[in-house]
Amino acid sequence: MDDDRQAAFDRAAKAASAFRSAAGDRLMRPAATYAQMLAAARQATPTTGCGADETIRSLVELAEPGLHAMIGPRFFGWVIGCSHPVGVAADWLTSAWGQNCGNHQAAPAGAAIETVAANWLLDLLALPPTASVGFVTGATVANFVCLAAARGELLRRAGWDVEADGLFGAPAIRVLIGEDAHTTVFAALQMLGLGHRRLTRIATDAQGRVLPAAFEAALGKGDGPTIVILQAGQINTGAFDPFEQLLAKGRAGNVWVHVDGAFGLWARACPETAGLAAGLERANSWATDGHKWLQTPYDCGYAIVRDEAAHRRAMTAAASYLPATAGDERDPSHYVPELSRRARGFATWAMIRHLGRAGIADLVARHCRLARRMADSLRAEAGVEVVNDVVLNQIIVRFGDDEATRAVIARVQEGGVCFVGGAAWRDRWVMRISVISGDLTQADADRSVEAILQAWREVRARPKPPAP
Ligand SMILES: *Cc1c(COP(=O)(O)O)cnc(C)c1O
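Here we summarise the structure given alongside this text. Treat the numbers as computed from the prediction; the structure is a model and nothing was measured.

Relative to each other, helix α4 (residues 85–97) and helix α12 (residues 345–379) sit at 150°, their axes nearing to 8 Å. Classified by the interaxial angle, the pair formed by α4 and α12 is roughly antiparallel. The chirality of how α4 crosses α12 is right-handed. Contact residues: α4 offers Val86, Gly87, Ala90, Asp91, Thr94 and Trp97, while α12 offers Phe346, Ala347, Ala350, Met351 and His354.

In a regular helix each residue adds 1.5 Å, so 19 residues correspond to 27 Å; helix α1 (residues 3–21) covers 27 Å between its end C-alpha atoms and thus fits that length. Among all positions of α1, only Ala8, Ala15 and Phe19 are buried. Seen end-on, α1 carries its buried residues on one side only, within an arc spanning 35°. In α1, the exposed positions that point more than 90 degrees away from the buried face belong to Asp3, Lys14 and Ser21. Among the structural elements, α3 (52–63) are those in contact with the buried residues of α1.

Another point: the pattern of salt bridges. One pass over the full model with this rule turns up 28 salt bridges. Arg357 is the partner of Asp123 in a salt bridge, and the nearest nitrogen-oxygen pair spans 2.8 Å. Here Asp123, found in helix α5 (residues 108–124), pairs with Arg357, found in helix α12; they are 234 residues apart in sequence, far enough to count as distant. When the shortest N-O distance is used, the salt bridge between Glu450 and Arg457 registers 3.2 Å. For Glu450, a relative accessible area of 40% puts it in the partly exposed group. In this structure, a network of salt bridges that share partners links the residues Glu153, Arg156, Arg157 and Arg313.

About the cut-offs
Residues numbered from 1 in each chain as written. Predicted model: local features only at pLDDT ≥ 70, side-chain atom pairs only at ≥ 80, totals over all residues. Heavy atoms only, no water. Axes fitted to C-alpha atoms, helices over the stretch in contact; angles between N-to-C directions. Helix = DSSP H or I, 4+ residues; strand = E, 2+ residues; numbered from the N terminus. Parallel < 35°, antiparallel > 145°, perpendicular 65-115°, else oblique. Left-handed = near helix turned anticlockwise from the far one by under 90°. Contact = heavy atoms within 4.5 Å. Expected span 1.5 Å × (residues − 1). Buried < 20%, exposed > 50% of the residue type's maximum accessible area, 1.4 Å probe, protein only. Arc of directions from axis to C-beta. Salt bridge = Lys/Arg side-chain N within 4 Å of Asp/Glu carboxyl O.

See below:
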């Protein structure tokens, strides 16, 4: 490698370290808006090239104002892990090694290490050790892959080969789903030709959990091939469907139960929270993320399927120039939509190796403990309502009415001490606080609560507009 390219590598590493080491001191919001970033970045298509080091230098300079402190300790937006430095370092190597991780012959290290990471995941999440795992971009695609396997297998049992013959003319599949399922599951159904409207939505309780009586009633209404979609960790409340109750009875062969556990599945990796997710091991497939609670960098999710053959039938593309698996080799591409892709197993392997079972359990326990602490401090203030049962890491909070709640969120974001988002829950606007990012300490949690309460006190003290 020539000096200029070496300098580009070194500069990237230095800029990355500098960004990371200042993460705790940064404003927890981007300094520049999208419009400002676009104005700064917009240029005609370059005609001539630019040196390697100079290119990286100008990228760093250009991007920095528009970077959001998603890796920061007081970032509570959406449900976002911190892209842990160890995962990032493994990810740098993943890029530098440049392995096309489609098959085991082309990329023996990538494929073998992914196989081991898959086994570790199943062990940590206490799922069947013979289940298959596809390393995908996130829970959206994990839901898609799992539901593709469900679709194919249910139709195969009904005498229809959907992989070969498609959906036109196929027996109908019923899809049952909780009212408070994540929007990406509906997207997966839409991409699979199952539609996001032709569903039976099952009523849920105040926390967003599927009601067992409504579930039994919906299931009892038909006996054809049926996909049931349940949830571990509701995006706003953190609630779990009552799996023990719902899945205690064996289900007929033509029912496939899928669990979306993008972050909630990780409750199973922590003795203190595992009870919340007990019973879901009886399902047929599970979607979860690496880039949320496991803190891998983006993008990383896992599609886990009990029936490996169904998983492979749904995803495998065969071609003469691709090697056949003779023995028990595992080809990563057999479990995901893509053929060519990065070796995602390296970052997963590194995070699990770094934290270990104990470190992962501690991380989940710490986040849940700090979530309860933050909720307790918030609800102690006059006019603040913690809307959900804080069973996991999610807190939704209401400040007076919709308008005041929006105003508090805007002030907190503007202040930049911490970042929180907003959402509609049961037709009311709430602040969402998601406690999931890496290094959050108790001091960070307390400082964040103080910033939120300060914003609320300012909003509360505003003169009320006269009634219309
Ligand atoms: C985040 C999330 C998803 C989508 O996951 P991505 O990683 O963003 O693709 C799906 N379901 C739930 C419950 C989630 O929290």
